[in-house]
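Understanding the architecture of this molecule
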Amino acid sequence: MRDKLLAAEKVKAIEWRDVKLGLLDQRVLPREETWLTYDSAAGVAEAIRSMVVRGAPAIGIAAAFGLVLGARARLAAGGDWQAALEEDFKVLAESRPTAVNLFWALDRMRERLQRLKEGENALAALEAEAVGIFDSDREANLTMAQLGLELIRKHQDSPQKLLTHCNTGALATGGFGTALGVIRAAHLAGLVERVFADETRPWLQGSRLTAWELAGEGVPVSLNADSAAAHLMKTEGITWVIVGADRITANGDVANKIGTYQLAVNAMHHGVRFMVVAPSSTIDMSLEEGEDIPIEERDGRELLDVGGQRIAAEVHAVNPVFDVTPADLIDAIVTEKGVVERPDAAKMAQLMCRKRLH
């Protein structure tokens, strides 16, 4: 399956070349495929904040390279460059609050900085660490795709109808995707009859990004309004809801794109299995439960306006962009370290003690 996945690769969203970061602008897909180039930490932070790059793993990767760009500028400026670099850590950390991969990547870069030896090339060391984060995510995607495929096959070894939410593919990661990576693997194994993709309001990541990725690879995909999901579970014989995550707590609660919680509730009611796919870097063992996760709320104009034009009444808009799905609604969490079925605190702690499978 690994070779099939590698051969099927078509989409990438991040490119590191000549000490510059290239990002595929996800705000204008699928209408335009535009690459933007960044040469500063502040620029990368703004790209994360403004949704040029999105998806928890991709945000972490971009932040790591943002630190490399910051270090390059600070070294060139002379003086106490490491002290000055703290401002770049701060601006990147403040770009988005919920996706823990951002903070995990920044912590890895800080740890590498602290391990610098006398006379070592600091910029080369930080660049190698960022590239390592990028490559590691790609490998994790491959492992999770195969583990998720095995889980699907264990329950039903015939073509199935799957439902997914938001975008968790190559656009959101350093490789083939988390949840969408599993769906890709299932398609290549002949286990996908059709994928139903929630449109994912208000940024429409499902209709603009997920549908675009799947259609481009010949995966049968149907787009649906978010509010149609329960009806589809009832009428279409959907067997799995497969989603990603932006943060998973020590007890197995999952923060993901707004709308995920209601999918899990509906899935349990209709007897549909619910799978979360995320690398172990998304697991935050410092938080006991989902109530501890900071939930980002974005500008209400994302709901009130379309294309810069007001379409809604002049009212206050509530725009949380993540929600928390309790662990007891989740059938399985798939990571590159293994699969946790019916997650709880003990199982999550056991998982985190394992080595990566790849």
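Residues numbered from 1 in each chain as written. Predicted model: local features only at pLDDT ≥ 70, side-chain atom pairs only at ≥ 80, totals over all residues. Heavy atoms only, no water.

Quick word on the side chain of Glu213
Checked against the element boundaries, Glu213 lands in helix H8 (residues 205-216). Residue classification places Glu213 among the buried positions, given a relative accessible area of 1%. Among the polar contacts made by the side chain of Glu213, one reaches the side chain of Arg184 at a distance of 2.4 Å. Residues within four places of Glu213 in sequence aside, it is in contact with Asn167, Gly169, Ala170, Leu171, Leu180 and Arg184. (Helix = DSSP H or I, 4+ residues; strand = E, 2+ residues; numbered from the N terminus. Buried < 20%, exposed > 50% of the residue type's maximum accessible area, 1.4 Å probe, protein only. Polar contact = N/O pair within 3.5 Å; in protein donor to acceptor, adjacent residues only side chain to side chain. Contact = heavy atoms within 4.5 Å.)

Quick look at the UniProt feature "binding site: substrate" (unreviewed entry) in the protein chain
Here, UniProt's "binding site: substrate" (unreviewed entry) annotation points to Arg54, Gly55, Ala56, Arg96, Gln205, Asn256 and Lys257. Lining the largest cavity, from the residues named above, are Arg54, Gly55, Ala56, Arg96, Gln205, Asn256 and Lys257. When you line up the elements, Gly55 lands in the loop between helix H2 (41-49) and helix H3 (56-77). For Gly55, a relative accessible area of 13% gives the class buried. Here Lys257 shows up in strand E9 (residues 254-257). According to the relative accessible area criterion, Lys257 is buried, its value standing at 8%. (UniProt positions renumbered as here; feature names shortened; annotations may be inferred. 1 Å grid on protein atoms, 1.4 Å probe; cavity = no way out; pocket = protein on both sides within 12 Å on 5 of 7 lines; lining within 4 Å.)

Remarks on the sheet that holds strand E1 (residues 14-17)
Pairing is antiparallel in the open sheet, where three strands are placed in the order E1-E2-E3. With partners counted over all chains shown, the strands left at the sheet margins are E1 and strand E3 (35-38), one partner each. On average, each strand axis in the sheet is inclined to that of its neighbour by 25°, with strand direction left out of account. (Pairing = 2+ DSSP bridges. Axes fitted to C-alpha atoms, helices over the stretch in contact; angles between N-to-C directions.)

Focus: the layout of surface pockets
Roughly 520 Å³ of internal volume is contained in the largest pocket. Looking at the largest pocket, it is lined by 17 residues, and the ones nearest its centre are Pro202, Trp203, Asp305, Val306 and Gly307. Elements represented by at least two residues in the lining of the largest pocket include exactly helix H11 (301-304) and strand E12 (305-306). Looking at the lining of the largest pocket, you find at least three residues from each of domain 1 (1-135) and domain 2 (147-352). Each pocket or cavity is described by its volume, and for the second largest pocket that value is around 180 Å³. Along its surface, the second largest pocket is lined by 13 residues, and Lys12, Ile14, Phe134, Arg138 and Gly174 are the ones closest to its centre. With three residues, the top contributor of residues to the lining of the second largest pocket is E1. When its residues are assigned to classes, the lining of the second largest pocket shows six nonpolar, three polar and four charged. (Points joined across faces, edges and corners; volume = space filled by probe spheres on them. Domains from an automatic or database assignment. Nonpolar A, V, L, I, M, F, W, Y, C, P; charged D, E, K, R; others polar.)

Examining a negative patch on the surface
Judged by side-chain charge, Glu288, Glu289, Glu291 and Asp292 come together as a negatively charged surface patch. Within the secondary structure layout, Glu291 lies in the loop between strand E11 (283-284) and H11. (Patch = residues over 30% accessible without salt bridge, like charges linked within 9 Å, V, L, I, M, F, W, Y side chains within 5 Å. Areas by Shrake-Rupley, 256 points an atom, 1.4 Å probe, with all protein chains shown as cover. Salt bridge = Lys/Arg side-chain N within 4 Å of Asp/Glu carboxyl O. Lys, Arg positive; Asp, Glu negative; His and termini not counted. Charge placed at Lys NZ, Arg CZ, Asp CG, Glu CD.)

Structural notes on the UniProt feature "active site" (unreviewed entry) in the protein chain
Residues annotated by UniProt as "active site" (unreviewed entry) correspond here to Asp246. In this fold, Asp246 is placed in the loop between strand E7 (238-243) and strand E8 (247-249). Judged by relative accessible area, Asp246 falls into the buried class, the value being 8%. When neighbours within four sequence positions are excluded, Asp246 is seen to be in contact with Ala56, Thr98, Ala99, Val100, Asn101, Ala255, Asn256, Lys257, Thr282 and Phe322.

What to know about the pairing of strand E16 (residues 338-341)
Residues of E16 alternate between two faces, with Gly338 and Val340 buried on one and Val339 and Glu341 left unburied on the opposite face. Relative to E16, strand E15 (residues 332-335) runs antiparallel, the two being bridged by four bridges. Residue Ile333 lies in a different strand from E16, and its bridge partner there is Val340. Connecting E15 to the antiparallel partner E16 that follows it, the hairpin turn spans two residues.

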